[in-house]
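# Working through the structure, step by step
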Amino acid sequence: MKTRFGAIAFCIALCLIFFQSYSQVPKLSSYPSVEPTIFLDFDGHYVHGTSWNWNGPINAEPSGFSPAAIEEIFTRVAEDFRPFNINVTTDSTVFLNAPIRKRVRVIITPTYQWYGSAGGVSFVNSFSAADDLPAFVFSSLLGNSTKKVAEAASHEAGHTLGLQHQSTYDDNCNKIEEYNSGKGTGEISWAPIMGNGYNRNLTTWTVGPNAFGCNLIQNDIDIIARPVNGVSFRADDVGDDISTATKITLGPNSFGTSGILTRPDDRDVFYIQLIQSASIKLDAHPFSVAEGNAGANLDIKMSLIDQNGDTLASYNPGDRLSAHIDTFLNAGTYYIAIDGVGNTYLSDTSSIGFFSVSGSYTINGILPVYKVELRGNVKDENHWFTWRIDTDEPVRKTELEMSVDGKNFRSIADLPEDIDSWTYTPVYTGGLTYRLKLTSALNGKVYYSNSLVLENKGYGKPVQILNTVFTDVLKLSSRGNFPFAILDATGKNILQGTLKSGDNLIQVPAVNKGVYFLRIQDGMSSKTEKIIKQ
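Computed from a predicted structure; not experimentally measured.

### A look at unusual backbone geometry
- In this structure, asparagine 125 is a non-glycine residue whose phi angle is positive, near 70°.
- For asparagine 125, the location among the structural elements is in the loop between β6 (120–121) and β7 (135–138).
- Judged by its relative accessible area of 35%, asparagine 125 is partly exposed.
- With phi around 70°, cysteine 173 is a residue other than glycine that occupies positive phi space.
- Mapping cysteine 173 onto the fold places it in the loop between β8 (168–169) and β9 (175–177).
- You can call cysteine 173 partly exposed: its relative accessible area is 34%.

Structure representation (structure tokens):
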């Protein structure tokens, strides 16, 4: 009797342990209305009678991950498969209800000894094989890292859908890496999912040579969406141009929307209607699980277009995956276009996935300044600007402002009233955002033009004078610590010192208005520029 009671108690204890392990797995599904299913099995599983069982049954232990860790892994994998009509799930019931030729179980377990050292294993094309052959991810060998486990889960699921490894080769077709490890550092660092993305932030499906030869080019996206897998692309959720754009309803002072770019040539276009002129800020972010757009599959380019189809501003920062626009708009209809683009490391054909757009605006009421329009272009290393200002009130000051990040602006030129064009050679590289700032002479009220982005691929001059016409303060940007001197027309030294790297504000002594000269020793040569004191 005691023995029997002990056995019952032992059974209850085991059952409680199993239930506790099972109950901590949240039931999540990314696209429950479709049939093709990838089941992320965190509960442990008893595997027998399969091609894996050459040494008998496999008792794969539960993963041991917390609900929060499971949700992160799930969302990372779900984002990888977001462009397809594939449901990623943690619910076994959903998996068992899916057609047997349209499903795969990915067992995430610390139990690896039966196989050996590997991040995971799977059979190619098993997704549609009708034998429920599972894939494995060995979490203990991946240091129980949520990032690495998610990468391995998508990688092994990719094999079951027909993908081989993405490899790298030298110019003579010699294989360098079985697993393409990608390139870059930071937010925009990239690697293919079917390579080794453990140490890169941005991992995507891609087009490249597979493991069987440098001339065997594998298009991951097209292979996943083959009819044999029963997989296709999600229906396009948002129109691609201004004629089919989706309306965004404005809240009291903010608005938001989201979408999915499903194909390399997909573009999502939305529109807003402003009944009054307003200052507006737009942010577009790819899906992510943490700061720095961790887990994203998409590099975003955001464009602002007017009702005539003209692009007013376009932003795609070179070192970030998200985009931001800060500008002023008159009343009217405006379109917001979201594109997936490439960058230094990512191919344009691989940039797809989920995104969200958020915006805020401040109504400025009826303005005596009717129109402030800025236009620009790039010629050689110079940025050229023209503008149009329609106003009934006097303007005390007109400034050209520049931002290297699209958010934080600073004045780079005080523009005289009698000109409508200006040019300079920028110091900073990458996409630089510009806008005009007008200050009213009547009440000091500030107005802004539209923003525009111009690229600077060169380095420009070592030192850039930001206001060659000045009153008391001379503004410069420098790429180093360079000695300088200000001379009058006779060559007399008025002021000397050393510029620091970055922005410099030089207080010029009280001297007469007229022409002066700025002499700079940049370490290689001495250069003299004309400046004018007003």
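From this point on, the discussion continues.
### What about the sheet that holds β7?
- Taken together, five strands build an open sheet; the order of strands is β4-β1-β5-β7-β6 and the sheet is mixed. Looking along the sheet, the strands with just one partner apiece sit at the ends: β4 (87–89) and β6.
- With five bridges connecting them, strand β1 (residues 37–41) and strand β5 (residues 103–109) associate as parallel partners. The residue of β5 that forms the bridge with phenylalanine 39 is arginine 105.
- Sitting on the sheet, helix α2 (residues 67–80) is in contact with β1, β4 and β5, with an inclination near 170° to β4.
- Lying on the sheet, helix α4 (residues 146–160) is in contact with β1, β5, β6 and β7; it crosses β7 at an angle near 160°.

### Details of the packing of α2 against α4
- It is the contact of α2 with α4, at a shortest axis distance of 9 Å, that shows an interaxial angle of 40°. Considering the angle they form, α2 stands oblique to α4. For the crossing formed where α2 meets α4, the hand is right-handed. Only Thr146, Lys147, Val149, Ala150, Ala153 and Ser154 of α4 make contact with α2, whose side of the interface consists of Ala69, Glu72, Ile73, Arg76, Val77 and Asp80.
- For the contact of α2 with α4, the residue count by class is six nonpolar, two polar and four charged.

### Structural notes on the pairing of strand β21 (residues 332–340)
- Among the nine residues in β21, nine count as buried, and that is most of the element.
- As paired strands, strand β16 (residues 267–274) and β21 are joined by eight bridges and run antiparallel to one another. Bridging from a neighbouring strand, aspartate 268 pairs with isoleucine 338 of β21.
- When strand β18 (residues 300–306) meets β21, the two strands line up antiparallel, connected through seven bridges. Its bridge partner being in β21, methionine 302 is matched across the sheet by isoleucine 338.

### Looking at the state of the cysteines
- Going through the model one piece at a time under the given rule, you end up with one disulfide.
- Note that cysteine 173 is cross-linked by a disulfide to cysteine 214, the S-S spacing being 1.5 Å. Judged by the sign of its S-S torsion, about -80°, the bond between cysteine 173 and cysteine 214 is left-handed. Pair noted here: cysteine 173 is in the loop between β8 and β9 and cysteine 214 is in the loop between β12 (207–209) and β13 (217–219), with a separation of 41 residues, a long-range link.

### Things to note about the pattern of salt bridges
- In total, this model carries 12 salt bridges according to the counting rule given.
- Glutamate 178 is the partner of lysine 175 in a salt bridge, and the nearest nitrogen-oxygen pair spans 2.7 Å.
- Note on lysine 175: relative accessible area 38%, which makes it partly exposed.
- Between arginine 410 and aspartate 503 there is a salt bridge, and its shortest N-O distance comes to 3.2 Å. Of this pair, arginine 410 sits in strand β26 (residues 410–414) while aspartate 503 sits in strand β36 (residues 502–507), placing them 93 residues apart in sequence.
- On the accessibility criterion, aspartate 503 (32% relative accessible area) is partly exposed.
- A network of salt bridges, in which partner residues are shared, links Asp326, Glu401 and Arg435.

### Observations regarding the nonpolar core
- Membership of the largest hydrophobic core comes to 39 residues, with the highest contact counts inside it found for Ile38, Leu40, Phe81, Phe84, Val106 and Trp205.
- Looking at this core, the elements that each hand over two or more residues are β1, α2, β5, β7, α4 and α5 (220–224).
- Per-element accounting of this core gives the leading share, six residues, to α2.
- Sequence-distant contacts of tryptophan 205, defined by excluding residues within four places in its chain, comprise Asp80, Phe81, Phe84, Ser154, Gly158, Leu163, Ile193, Met194, Asp220, Ile221, Ile224 and Ser350.
- In terms of nonpolar packing, the next biggest core, distinct from the first, is built from 27 residues, Leu274, Ile280, Met302 and Ile325 among them.

### Examining α2
- Between its terminal C-alpha atoms α2 stretches 20 Å, which fits the 20 Å expected from 14 residues at 1.5 Å a residue.
- Across the 14 residues of α2, 10 count as buried, placing the element largely inside the fold.
- Taken together, the buried positions of α2 are Ala69, Ile70, Ile73, Phe74, Thr75, Arg76, Val77, Ala78, Glu79 and Asp80.

Reading guide: rules and limits
- Residues numbered from 1 in each chain as written.
- Predicted model: local features only at pLDDT ≥ 70, side-chain atom pairs only at ≥ 80, totals over all residues.
- Heavy atoms only, no water.
- Helix = DSSP H or I, 4+ residues; strand = E, 2+ residues; numbered from the N terminus.
- Buried < 20%, exposed > 50% of the residue type's maximum accessible area, 1.4 Å probe, protein only.
- Pairing = 2+ DSSP bridges.
- Contact = heavy atoms within 4.5 Å.
- Axes fitted to C-alpha atoms, helices over the stretch in contact; angles between N-to-C directions.
- Parallel < 35°, antiparallel > 145°, perpendicular 65-115°, else oblique.
- Left-handed = near helix turned anticlockwise from the far one by under 90°.
- Nonpolar A, V, L, I, M, F, W, Y, C, P; charged D, E, K, R; others polar.
- Disulfide = S-S within 2.5 Å.
- Salt bridge = Lys/Arg side-chain N within 4 Å of Asp/Glu carboxyl O.
- Core = buried A, V, L, I, M, F, W, Y, C linked by side-chain atoms within 4.5 Å.
- Expected span 1.5 Å × (residues − 1).

Just geometry here; none of it tells us what the structure is for.
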